[in-house]
Amino acid sequence: MRNSKYIILLFAAFFFVLIVRAQDDEKFSSRPTGRGEYSLVLYLGGGMGYYASTNGAPAYLQPVVARWNPVGTVRVMWHPDHLLKAGLETGNISFYSYSLKDSAGNAGKISLQATPILLEWSMSLKKHINIFAGSGLYILKTKLDYAGNVNSNKLSVGWMAAASYIYPIGKEVGLGTEIKWLYAAETSNGSVCGQLQLVWRFLKW
């Protein structure tokens, strides 16, 4: 219930910002590149995520949890000639992994990864600074190596929120940094991520 309240407050704040007139931006912000111009922008991101949830193995298994794990994402945004942008994001998230040992001394390892499929919206706050929010599905993949190998999949609804800074290095290319929160709500798995991004405006009309 508490997480649901946070989600509602986040989206309320996001849409409140939409009514505020933003400053003019340069090419790789979330603002339009020119009156009447449309474009598609690719964001390739890679970095590390910190597993911020408390889910994990039972204490009696003596788990050793690895909370820092790699995160890679791909996002394509449609930039029309007005403030709000839309797009899709996917990638691969390693939420956590841990080694364990039972009372008989048998060792094992469990990892939880996810592939998000998220519909996102974006806008510019200031020059080079953008915010993103979205929701969709997380395809969760659990791998267990303990007295044999077991793989299981599960779908979870979820959401994301992010803020980025993008600096142009060419006519159609920029480099960025992004901080994001990725959350699979149904299973209460969340990760705070920091990424470096390559941003490429690959099509405009």
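On a predicted model such as this, the values are computed, not experimentally measured, just so you know.

A. Up close: the overall build of the protein. A count of helical and extended segments in the protein gives one helix and nine strands. The order of helices and strands in the protein, counted from the N terminus, is α-β-β-β-β-β-β-β-β-β. For the protein, buried positions account for 42% of its 205 residues. Taking contacts inside the protein between residues at least 6 apart in sequence as the whole, the part at least 24 apart equals 64%. For the protein, the computed accessible surface area is about 10800 Å², with 63% contributed by carbon and sulfur atoms.

B. Focus on unusual backbone geometry. Located in the positive-phi region is His128, a residue other than glycine, with phi close to 75°. Tracing the backbone through its elements, the reader meets His128 in the loop between β5 (107-126) and β6 (129-145). A positive phi is found at Ser188, a non-glycine position, where the angle reads about 55°. Mapped onto the elements, Ser188 comes out in the loop between β8 (173-184) and β9 (189-204). For Ser188, a relative accessible area of 30% translates into the label partly exposed.

C. A look at the pairing of strand β4 (residues 85-101). Two elements, strand β2 (residues 64-66) and β4, share three bridges in a ladder whose sense is antiparallel. Following the sheet pairing, Ala66 is matched in β4 by Ser97. Of the strand pairs in this sheet, strand β3 (residues 68-79) and β4 are connected by eight bridges, and their pairing is antiparallel. Each bridged residue has a counterpart across the sheet, and for Met77 the counterpart in β4 is Gly87. In textbook terms, the turn of a hairpin is the stretch between consecutive antiparallel strands, and for β3 and β4 this stretch comprises five residues. Here 13 bridges tie β4 to β5, and the two strands are oriented antiparallel to one another. Within the sheet, the bridge partner assigned to Tyr96 lies in β5 and is Leu112. Counted between consecutive antiparallel strands, the loop separating β4 from β5 contains five residues, among which Gly105 sits at a positive phi close to 90°.

D. Representation of the side chain of Gln197. One can find Gln197 in strand β9. Only 3.2 Å separates the side chain of Gln197 from the side chain of Glu178, close enough to count as a polar contact. Not counting chain neighbours up to four residues away, the residues in contact with Gln197 comprise Tyr43, Leu44, Gly45, Arg75, Ser164, Gly174, Leu175, Gly176 and Glu178.

E. Local environment of the environment of Tyr43. Mapped onto the secondary structure, Tyr43 falls in strand β1 (residues 39-51). Looking at Tyr43, the relative accessible area reads 1%, which means it is buried. In this structure, the C-alpha to C-alpha distance between Tyr43 and Glu89, residues 46 residues apart in sequence, is 9.0 Å. Those residues within four positions of Tyr43 in sequence are excluded, and the remaining contacts are Thr73, Val74, Arg75, Met77, His79, Phe132, Ile166, Gln197, Leu198 and Val199.

F. How the structure looks around the nonpolar core. One finds Tyr43, Phe95, Tyr138, Leu140, Met160 and Leu182 to be the most contacted residues of the largest nonpolar core, which totals 24 residues. Elements with a contribution of two residues or more to this core: β1, β3, β4, β5, β6, β7 (149-168), β8 and β9. When residues of this core are assigned to their parent elements, the largest contribution, five residues, is made by β4.

G. Main features of the packing of aromatic side chains. Per the counting criterion, the structure on display carries eleven aromatic pairs. Measuring from ring centre to ring centre gives 5.7 Å for Trp200 and Phe202, while their planes differ by 50°; the resulting arrangement is tilted. A residue is classified by how much of its surface remains accessible, and Phe202, at 34% relative accessible area, is partly exposed. Through a chain of ring-to-ring contacts, the aromatic side chains of Tyr51, Phe95, Tyr96 and Tyr98 assemble into a single cluster. For Arg75, the ring lying beneath its charged end belongs to Tyr43, and the centroid distance is 5.1 Å.

Definitions and limits used
Per chain, the residues get numbers from 1 upward, laid out in the order the sequence is written. Local features are withheld for residues below a pLDDT of 70 in this predicted model, meaning they are given only at 70 or higher, and side-chain atom pairs are given and counted only at 80 or more; totals for whole chains, interfaces and linings count all residues. Excluding hydrogens and water, the side-chain figures rest on all heavy atoms present in the structure. Helix and strand assignments follow DSSP, with helices taken as H or I runs no shorter than four residues and strands as E runs no shorter than two, numbered in order from the N terminus. Only protein chains enter the accessibility calculation, which uses a 1.4 Å probe; a residue is then buried when its area is under 20% of its type maximum, exposed when over 50%, and partly exposed in between. Contact criterion: two residues are considered in contact whenever any of their non-hydrogen atoms come within 4.5 Å of each other. Working definition of accessibility: Shrake-Rupley area with a 1.4 Å probe, residue cover restricted to the visible protein chains. Pairing between strands is defined by DSSP: at least two bridges between them are needed. Counted as a polar contact is a pair of N or O atoms within 3.5 Å, where, for protein atoms, one must be capable of donating a hydrogen and the other of accepting one, and residues adjacent in sequence contribute only when both atoms are in side chains. Only buried residues count toward a nonpolar core, which is a set of Ala, Val, Leu, Ile, Met, Phe, Trp, Tyr and Cys residues joined through side-chain atoms within 4.5 Å. In summary, the pairing rule links any two rings of Phe, Tyr or Trp, Trp by its six-membered ring, whose centres are within 6.5 Å, and it sorts them by plane angle into stacked for under 30 degrees, edge-to-face for over 60 and tilted for everything else. Only Lys NZ and Arg CZ are tested; either one counts as a charge over a ring when it is within 6 Å of the ring centre and within 35 degrees of the ring normal.

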